[in-house]
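Coordinates in review
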Amino acid sequence: MNKQITGALFKGMVLHGAACITLEKQPINDLNVFPVPDGDTGTNMSMTIAAAATELRKIDPATVDKAASVTASALLRGARGNSGVILSLLFRGISKGLKGMETADAAAIAAALQEGVAAAYKAVMKPAEGTVLTVSRLAAKRAVEAAAENNDIEFVLTEALKEGYDALAQTTDMNPVLKKAGVVDAGGKGFLVILEGMLAEVRGEPIPEVAESSKAQEKADFAALTDEDITFTFDTVFIVRKTVNKSLEPLRVYLNSIGDSLVIGEDDEAFKVHVHTDIPGAALNEAQKYGTLELAKIENMRTQYEDMAAGRKTQSVDDLDMDEAESQPAEDAHVVAEPEKKYGFLAVCAGEGLAALFRDLGVDGVVSGGQTMNPSTESILNEVDKIPAETVFILPNNSNIIMAAQQCAALTEKNVVVIPSKTVPQGITAMMNVDFEAEDPQSITDAMTESLATVTTAQITYAARNSDFDGFDIHEGDYLALKEGKLFGTGPDLNKLLQDLATEAVNSEASFISLYYGEDVSEEEAQAVGELFQNACPDAEISVLSGGQPVYYYLVSFE
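As a starting point, this report considers the structure included with it. Just so we're clear, the structure is a prediction, and the values are computed from it rather than from any experiment.

**Brief notes about the overall build of the protein**
Scanning the protein from N- to C-terminus turns up 20 helices and 16 strands. Here the protein holds 559 residues, and the buried ones make up 52% of them. Surface summary for the protein: the accessible area is close to 25100 Å², and the carbon and sulfur share equals 49%.

As structure tokens, this is what we get:
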């Protein structure tokens, strides 16, 4: 019978929950109610709680208060997507409920869960039932009731989970969109998976093994080598963020043909490669066919062996990192740029063309992110603080990033204003309506926000799997046309979908039409689409611009 949760146990509970959702993130992603490749609830929640796990591993919390506060702080900064932000809010409330406590009994934990639910509901402007909010609310309510029956941690969490899963099953009927798709709420499922992991820790069950790309061999075991054993010279490790949806098997075959000791770790967003080869540049070039190179480390194993054999310290790129760190502010010493002007602007987008366009419009900083690539609150915050302005306006340009951006306001000395842009075209239009000389930031806020309604956004992407949604029979690999986030049309013929969108532009009497083509579209193809729209709308002004965005072949705006 477990009467008290200590700081050490709470730490273990969070670590256990993080491991469980990491294992279950793909099934949770698959609960996505729309067949486009933006099913990232599991990924966002697992990455969010992973931030807390990282910080907790650094400490031995003496009290449950300390463990909970470290968890809440890390979750807040690491929050990704709406589901990650709501998860951080739940734990922020839990931390508030456990404040000042050395240990916590079942009743205190139950009350803290209710505090977390209250924090989440308070922060969400329009709480929707049939979501993680419903699941967590009913689970917490049952936890309080159970604690009054039996003040035992295991009993209380077991009862909360039973009620939570009953509520989860009901989300299908509570939310019309979930009912159409025949699935339960992904965020609610993620929350219960974490809670299950926390209960498993209370029961003393071992934390499940998590296969992570970071477990790929980082460095050769030089102590076990002789010069003759080094077949290939360069120990090469790199990370690539995916921008195309295709198998890595051809890359695996190629890398095996130019090296050995190959390990490839992969998740939904990126993959990490470790390979020994004589031509690391060729390995990097080939890998960039699958995405954007983020990090690379190349070390000469022969010279390292020679140094070691001679009794010298082997030189590594890690040494370069250390040298650079000595000349830079400590990572924990967060630096905020002193204001040099009244207003600054930050945009979130994916694609070099779109980033360049935002900068041309006066944006000071760009955070890489978008569909399937939701930046964390901390990533956004770091860029906000780099901007030397009193007030920083943030353009999330994605409905799933707005909440993460809004959390920045409480974490910086700067005045942060989040313009609720849900698409890149909305963000671009908002920037075009900025009066940089305005005296009052509220006038800028009003002008940018009001301009959002003047833009209709359409997108062309592809279906990640077979589905039957809202009367559309969708097949994996089909093209999908979305209008204002809702399915407009689907099929194997891209030109037909584009023609249908051009007809929609005619019906909306659009005067300005902008087409931003993605990284998988050639300029020649894009210009042909521009002509298609020009023929349909001869009186409209048509702009064809390279966005370079992943996932979406075209972003189209009508004004």
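Structure's up, so let's keep going.
**Some thoughts on helix α10 (residues 249-258)**
Listed as buried for α10 are Leu251, Leu255 and Ile258. For α10, the angular spread of buried residues about the axis comes to 65 degrees, placing them on one side. Those residues of α10 that are exposed and angled more than 90 degrees off the buried face are Val253 and Ser257.

**What to know about the sheet that holds strand β5 (residues 341-349)**
With parallel pairing, four strands are arranged side by side in an open sheet as β6-β5-β7-β8. Of all strands in the sheet, those with a lone pairing partner are β6 (365-368) and β8 (415-418), marking the two edges. Averaged over all pairs of adjacent strands, the angle between strand axes in this sheet comes to 20 degrees, irrespective of strand direction. Relative to β8, strand β7 (residues 389-395) runs parallel, the two sharing four bridges. Bridge pairing links Phe393 to Val417 in β8.

**Looking at the packing of aromatic side chains**
Enumeration over the complete set of coordinates arrives at five aromatic pairs. Ring centres of Tyr479 and Tyr553 lie 5.6 Å apart, and the angle between their planes is 65 degrees; this geometry places the pair in the edge-to-face category. Taken together, the positions of Tyr479 in strand β12 (residues 479-483) and Tyr553 in the loop between β15 (541-546) and β16 (554-558) put the pair 74 residues apart, joining distant regions of the chain. On the basis of relative accessible area, Tyr479 is assigned to the partly exposed category, the value being 23%. Residue classification places Tyr553 among the buried residues on the basis of a relative accessible area of 19%. Aromatic ring contacts, followed pair by pair, group Tyr343, Phe345, Phe393 and Phe436 into a single cluster. Over the ring of Tyr290 we find Lys246; its NZ or CZ atom is 4.7 Å from the centre of that ring.

**A word on the environment of Leu555**
For Leu555, the position within the fold is in strand β16. Here Leu555 falls in the buried class, since its relative accessible area comes to 4%. Leu555 sits ten residues away from Leu545 along the chain, and the two C-alpha atoms are 9.9 Å apart. Setting aside residues no more than four positions away along its own chain, Leu555 makes contact with Leu354, Val424, Ala458, Gln459, Ser514, Leu515, Tyr516 and Gln549.

**Some words on the pattern of salt bridges**
According to the stated counting rule, one finds 17 salt bridges in the structure shown. Among the salt bridges present, the one from Glu145 reaches Lys141, with a minimum N-O distance of 2.9 Å. Pair noted here: Glu145 and Lys141 are both in helix α6 (residues 132-149), with a separation of four residues, about one helical turn. The partner of Lys483 in a salt bridge is Glu504, and the shortest N-O contact between them spans 2.4 Å.

**Details of the side chain of Thr457**
As for its position among the elements, Thr457 is in strand β9 (residues 456-462). Take Thr457: its relative accessible area is 0%, and that puts it in the buried class. A polar side-chain atom of Thr457 sits 2.9 Å from a polar atom in the side chain of Thr423. Once residues within four sequence positions are removed from consideration, Thr457 is found in contact with Thr423, Pro425, Gln426, Leu482, Lys483, Glu484 and Val556.

**Quick notes on helix α19 (residues 494-507)**
Within an α-helix, residues lying three or four positions from one another point in the same direction, as the helix has 3.6 residues per turn. Relative to the 20 Å expected for 14 residues at 1.5 Å per residue, α19 spans 20 Å between its end C-alpha atoms, a close match to the ideal helical length. In this fold, the buried residues of α19 make contact with β9, β12, β13 (486-491), β14 (512-517), α20 (523-536) and β16. Positive phi appears at Glu509, one or two residues downstream of α19, with a value of about 55 degrees.

**A few points about the environment of Asn415**
Checked against the element boundaries, Asn415 lands in strand β8. Using a relative accessible area of 39% as the deciding quantity, one classes Asn415 as partly exposed. As a C-alpha pair, Asn415 and Ala389 span 26 residues in sequence and 8.9 Å in three-dimensional space. The contacts of Asn415, once residues within four sequence positions are left out, are Glu390, Thr391 and Val392. For Asn415, the side chain forms a polar contact with the side chain of Thr391, separated by 3.2 Å.

**Concerning unusual backbone geometry**
At Glu509, a residue that is not glycine, the phi angle is positive and equals roughly 55 degrees. Structurally, the position occupied by Glu509 is in the loop between α19 and β14. At Val551, a position not held by glycine, the phi torsion is positive, near 70 degrees. One can find Val551 in the loop between β15 and β16. Using a relative accessible area of 13% as the deciding quantity, one classes Val551 as buried.

So, how was this worked out
- Residues numbered from 1 in each chain as written.
- Predicted model: local features only at pLDDT ≥ 70, side-chain atom pairs only at ≥ 80, totals over all residues.
- Heavy atoms only, no water.
- Helix = DSSP H or I, 4+ residues; strand = E, 2+ residues; numbered from the N terminus.
- Buried < 20%, exposed > 50% of the residue type's maximum accessible area, 1.4 Å probe, protein only.
- Areas by Shrake-Rupley, 256 points an atom, 1.4 Å probe, with all protein chains shown as cover.
- Arc of directions from axis to C-beta.
- Pairing = 2+ DSSP bridges.
- Axes fitted to C-alpha atoms, helices over the stretch in contact; angles between N-to-C directions.
- Phe/Tyr/Trp six-rings, centres within 6.5 Å; stacked < 30°, edge-to-face > 60°.
- Lys NZ or Arg CZ within 6 Å of the ring centre and 35° of its normal.
- Contact = heavy atoms within 4.5 Å.
- Salt bridge = Lys/Arg side-chain N within 4 Å of Asp/Glu carboxyl O.
- Polar contact = N/O pair within 3.5 Å; in protein donor to acceptor, adjacent residues only side chain to side chain.
- Expected span 1.5 Å × (residues − 1).

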